[in-house]
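Tertiary structure, described
Letter by letter, the chains look like this.
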Amino acid sequence: MIFKYLATGAIAALSLGLPVPLLAQDAPKLMIDEDVQAFDVAPDNSIVYAVTHIKGVKRLVIERDDVFVASGPGKIRKILEANTFMPMPPPEGFRVDSLAWSPDGQKIAMNMTLEQPPPGWDAKNAKKKGDLGDDEDENAPPLQGVGGGRVLALLDSEGHEIKVAGAKTRFIEGAVDGIWLADGKSVVYLTGGPPYSISRVTPSDGQTTQLFSGHTFQMVVWDAKRNRAFAVSSDLSISGHLAIVQLDLLQEGIRPIADIQSYQGGLSLSPSGTKIGYFEDGDTIDVLDTVHPGRPIRVRAGFGRFGWSPDERKVLLQRGTEGRSNILLWVGLYDGSFSSILHDLQFHDFEIAPDGQTIAVTIPGKRVLKVYPLQ
């Protein structure tokens, strides 16, 4: 029922026939009415985001995304135009899978999947017709582009591409979840997996190093502003069990945090870097102190992914598997409390801003992006 979503004062106003007051959290501070494929919030609250565009080329249907930066209402600039970034021909597409600001907000790592024409597609014998194009057979279905591999592109904050010196390919091929480090010159990324290997590249001189050679990791979460990461590994524990470890990404140092009994997903680092949480099973969140490891805090909450409150006493949980829309729920780590936000509305994706004051969400369907105060 609609009354479920109204505050007491709003219900009273409605009963008297008065205008219903708009709650502070009902009014977004920013709304981007586009189909937002991926986004990331910078330390200064600027948002970099990719907008999905489907393009038809002689019966071939491919995706080619544009990238924008929003620094506030009405302050939006396009930093990457698909047709300029990847001119046609040839008819290649690319989907932006994720975006990540550097810790200083001056550079962007853009993780993409390339799309290529399917085998047998013949541009010379295809005749463009209609919005998506068609060939001589008007009833022939459109041909979908096929994945050509995961790659990593590097940009500055204006969208200019940063090339890796001496590289034989335009992008860093096979890279997943790339990000700039706080030293301002290094990029780290995952390959393979899971389990994953970790590599580091310095674009200015092209030097590439596989870090922690001989070791692989079930999951890695970056702490880029401190030039480190935390990871789950099965081959770095003295006891031979699964372990959570801290990784120095510049010096290749390894510091064990704790052995764990099991890991089901959701590895997440708190803003201060002093707590790390994960799901030990399909229902329970475990939280460890990374500075003084001991017995974990355990909360039964249901599986999903989560962010952290500014005081790190709560986590904001979206239940369900990755990519599934659901409500957002505060879970108290020390009192076991549960409370939903934004009137139990479901969202496709969310990210809490680095300053902890706002939350960016995308809605199901057309993924319109909205930014609300975080309460």
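Figured I'd write up the structure that's included with this text.

Things to note about the pairing of strand E2 (residues 36-41)
The side chains of a regular strand alternate, residue by residue, between the two faces of the sheet. With six of six residues buried, E2 lies mostly within the body of the structure. Across five bridges, E2 lies against strand E3 (residues 47-51) in antiparallel orientation. By the bridge assignment, Ala38 is partnered in E3 with Ala50. Connecting E2 to the antiparallel partner E3 that follows it, the hairpin turn spans five residues, and Asn45 within it adopts a positive phi of roughly 75 degrees.

Focus on the pattern of salt bridges
Following the criterion strictly, the structure yields 14 salt bridges and no others. In this structure, the salt-bridge partner of Glu312 is Lys275, at a minimum N-O distance of 3.8 Å. Taken as a pair, Glu312 in the loop between strand E25 (304-308) and strand E26 (314-319) and Lys275 in strand E22 (residues 275-279) lie far apart in primary sequence, 37 residues in all. Taken individually, Glu312 and Lys275 each receive the classification buried, so the pair is uniform in this respect. A salt bridge links Asp283 to Arg300; its shortest N-O distance comes to 2.9 Å.

Regarding unusual backbone geometry
For the bond running from Met88 to Pro89, omega is -5 degrees, close enough to zero to count as cis. By secondary structure assignment, the location of Pro89 is in the loop between helix H2 (82-85) and strand E8 (93-101). Note that the residue after Pro89, namely Pro90, is joined by a cis bond; omega there is 0 degrees. Following the sequence through the fold, Pro90 ends up in the loop between H2 and E8. The phi dihedral of Asn45 is positive, around 75 degrees, even though this residue is not glycine. If you trace the backbone, Asn45 turns up in the loop between E2 and E3. Under the relative-accessibility criterion, Asn45 is labelled partly exposed at 31%. Phi is positive for Asp344, which is not a glycine, with a value near 65 degrees.

Conventions adopted
- Residues numbered from 1 in each chain as written.
- Predicted model: local features only at pLDDT ≥ 70, side-chain atom pairs only at ≥ 80, totals over all residues.
- Heavy atoms only, no water.
- Buried < 20%, exposed > 50% of the residue type's maximum accessible area, 1.4 Å probe, protein only.
- Helix = DSSP H or I, 4+ residues; strand = E, 2+ residues; numbered from the N terminus.
- Pairing = 2+ DSSP bridges.
- Salt bridge = Lys/Arg side-chain N within 4 Å of Asp/Glu carboxyl O.

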